Amino acid sequence: MTSSDDQKVLLAKIGAAHGIRGEVRVKPFGDDPLSFTDYGVLTTRDGKRIFEVERARVQKTVVVTKFKGITDRNQAEELNGLELYISRDQLPEPDEDEFYYSDLNGLDVLDQNGETLGKIVAVQDFGAGDLLEIRPKRGRTFYIPFTKEFVPAISLENGQVKVALPEDYFSEGKPEPSETSPDK
């Protein structure tokens, strides 16, 4: 990956064609579903294809979008699966306690004792909130909820994320019954 690829930010992904006039369903990434329409020209990761939004409307969980130059269903079907990017420098600076997910990738994850747990490889959302996917030096990746309780400190300048995990976070067995448990 070149350094210019590192400066690209994924905003949306084109899905299936919608109707016969060249519209497509777009899955946006971000809080505002129409935000990908605010940046002018969108490109593929390699920059070989460019897209300009002619019009867009929210419909359920997707944004039905018409791109300039896409006039029929056949052209629209060819776009299925394309990811749409902008240059990182086109984005506004995030507010305090806000982060672009791409800025978190590669940061070291430290526990309460300062021990390195691994590096962030992705931020995932499977429907119940954001999770940091951590790759340790050895073993399988694991997830940590991306909440203030679990991730109290992030330092982009130092390239570190500090996490506060419960003592039994990595245990795989069933919780042991406590003395006050009705099972005793």
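Each remark here, short or long, concerns the structure printed above.
Residues numbered from 1 in each chain as written. Predicted model: local features only at pLDDT ≥ 70, side-chain atom pairs only at ≥ 80, totals over all residues. Heavy atoms only, no water.

**Student:** For this particular structure, what's the right way to read the environment of L156?
**Tutor:** Relative to the elements of secondary structure, L156 occurs in the loop between β12 (153-155) and β13 (160-162). Judged by its relative accessible area of 36%, L156 falls in the partly exposed class. Put simply, L156 and D108 are 48 residues apart on the chain and 10.0 Å apart in space, counted from C-alpha to C-alpha. (Helix = DSSP H or I, 4+ residues; strand = E, 2+ residues; numbered from the N terminus. Buried < 20%, exposed > 50% of the residue type's maximum accessible area, 1.4 Å probe, protein only.)

**Student:** It is not clear to me how the sheet that holds β13 should be interpreted in this structure. Could you clarify?
**Tutor:** By way of backbone hydrogen bonds, the strands of a sheet pair with one another, either parallel or antiparallel. The strand order across the open sheet formed by six strands is β11-β10-β9-β8-β13-β12, and the pairing between neighbours is mixed. The two strands at the open ends of the sheet, each matched to only one other strand, are β11 (142-145) and β12. Averaged over neighbouring strand pairs, the angle between their axes works out to 35 degrees when direction is ignored. Where β12 lies against β13, three bridges are found, and the strand directions are antiparallel. Considered in β13, the bridge of S155 is made with Q160. (Pairing = 2+ DSSP bridges. Axes fitted to C-alpha atoms, helices over the stretch in contact; angles between N-to-C directions.)

**Student:** I keep staring at the side chain of E133 and nothing clicks. Help me out?
**Tutor:** With respect to the secondary-structure elements, E133 resides in strand β10 (residues 130-135). As a buried residue without a salt bridge, E133 has its nearest oppositely charged side chain in R135, at a separation of 5.2 Å. Excluding residues within four positions of it along the chain, E133 makes contact with K119, I120, V121, A122, Q124, T141, F142 and Y143. (Lys, Arg positive; Asp, Glu negative; His and termini not counted. Salt bridge = Lys/Arg side-chain N within 4 Å of Asp/Glu carboxyl O. Contact = heavy atoms within 4.5 Å.)

**Student:** Hey, could you run me through the side chain of H18 in this one?
**Tutor:** The topology assignment puts H18 in strand β1 (residues 8-18). A polar side-chain atom of H18 sits 3.4 Å from a polar atom in the side chain of R25. (Polar contact = N/O pair within 3.5 Å; in protein donor to acceptor, adjacent residues only side chain to side chain.)

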